[in-house]
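Coordinate inspection notes
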Amino acid sequence: MTDQPDPSEDRDDRDDRDEQDRQFREHAFPVGDLEREVLDICALRVDGYRLMEDIIRERRDPSLGFPEFVAPLVKTRVFHEDDKLNFLVFFGLQRSLGKWEGVYDGPDSDRHIAFRLLFLHLYRMPVPRGYELDDYPRRWEAHFAHRAEEVAALIRRTFTRLEQTPKDWEDVF
């Protein structure tokens, strides 16, 4: 890997990446905006709305919605067997914490904990084929994938900081 700017990146992308690099070096992460940006971009790689529509169609149950898949995982912290559903929940939690009922949740809320755990479970995985959302997979690759393990280590430390390391999550720790 070279330190030369990628000519395909525009100046704003390079400036953003330089700022992120500075924050990583100064260990400003995972407190605040950078942690949220990393989690959001990773979660928004998947088109959760289209995935939800397909699940409703496959299961022939129009009453299904995000809560039916999100709530059990948040409550039990047990992943769904099908990672497609875990991507759906990851997307649903991003929407909840960023726009819907969870916007006022504190960083140690059950939803935030589940959101971080899903990040740790899914960040290495590609989005299910056909469910990539717009520009987010490219943004993830351009800004964070090259230091995904560093990002994950810092996210793991939030559990220590919050004193909420789940004992039954060895596979993500």
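Anything mentioned here points back to the structure above.
All of the points below concern the structure found in this document. (Residues numbered from 1 in each chain as written. Predicted model: local features only at pLDDT ≥ 70, side-chain atom pairs only at ≥ 80, totals over all residues. Heavy atoms only, no water.)

Remarks on the environment of Ser63
As a reminder, the rule being used: Helical segments are the DSSP runs of H or I of at least four residues, strand segments are the runs of E of at least two, and each set is numbered from the N terminus. Exposure classes here rest on a 1.4 Å probe applied to the protein chains alone. A residue is buried below 20% of its type maximum, exposed above 50%, and partly exposed in between. For this analysis, a polar contact is any N or O atom pair within 3.5 Å, provided that within protein one partner can donate a hydrogen and the other can accept it, and provided that sequence-adjacent residues contribute only side-chain to side-chain pairs.
Summarising the element assignment, Ser63 is placed in the loop between helix H3 (48-59) and helix H4 (66-76). Look at Ser63 and you get exposed, because its relative accessible area is 56%. A distance of 2.5 Å separates polar atoms of two side chains, one belonging to Ser63 and the other to Asp61.

Side note on the environment of Phe91
Short version of the rule: Whether two residues touch is decided by their heavy atoms; if any such pair falls within 4.5 Å, the residues are in contact.
Tracing the backbone shows Phe91 in helix H5 (residues 83-98). By relative accessible area, Phe91 is classed as buried at 1%. Sequence-wise, Phe91 and Phe115 are 24 residues apart; in three dimensions their C-alpha atoms are separated by 9.0 Å. Every residue in contact with Phe91, bar those within four places of it in the chain, is listed here: Ala43, Leu44, Val46, Gly48, Tyr49, Phe66 and Leu133.

Notes on the packing of helix H2 (residues 33-43) against helix H7 (residues 136-143)
We apply this condition: Axis geometry follows a simple rule: fit a line to the C-alpha atoms, using only the stretch in contact for helices, then measure angles between N-to-C directions, giving values from 0 to 180 degrees. We call two directions roughly parallel when the angle between them is under 35 degrees, roughly antiparallel when it is over 145, roughly perpendicular when it lies between 65 and 115, and oblique otherwise. Handedness of a crossing follows from how the near helix is turned relative to the far one, being left-handed for an anticlockwise turn of less than a right angle and right-handed for a clockwise one. In this count, Pro and Cys sit with the nonpolar residues alongside Ala, Val, Leu, Ile, Met, Phe, Trp and Tyr, while Asp, Glu, Lys and Arg are called charged and the others, Gly among them, polar.
Contact geometry for H2 and H7: axes closest at 8 Å, N-to-C directions at 135 degrees. Compared by their axis directions, H2 and H7 come out oblique. Crossing angle aside, the handedness with which H2 passes H7 is left-handed. Contacts from Val38, Ile41 and Cys42 in H2 reach Tyr136, Arg139 and Trp140 in H7. Among the residues making up the contact of H2 with H7, the classes are represented as five nonpolar, no polar and one charged.

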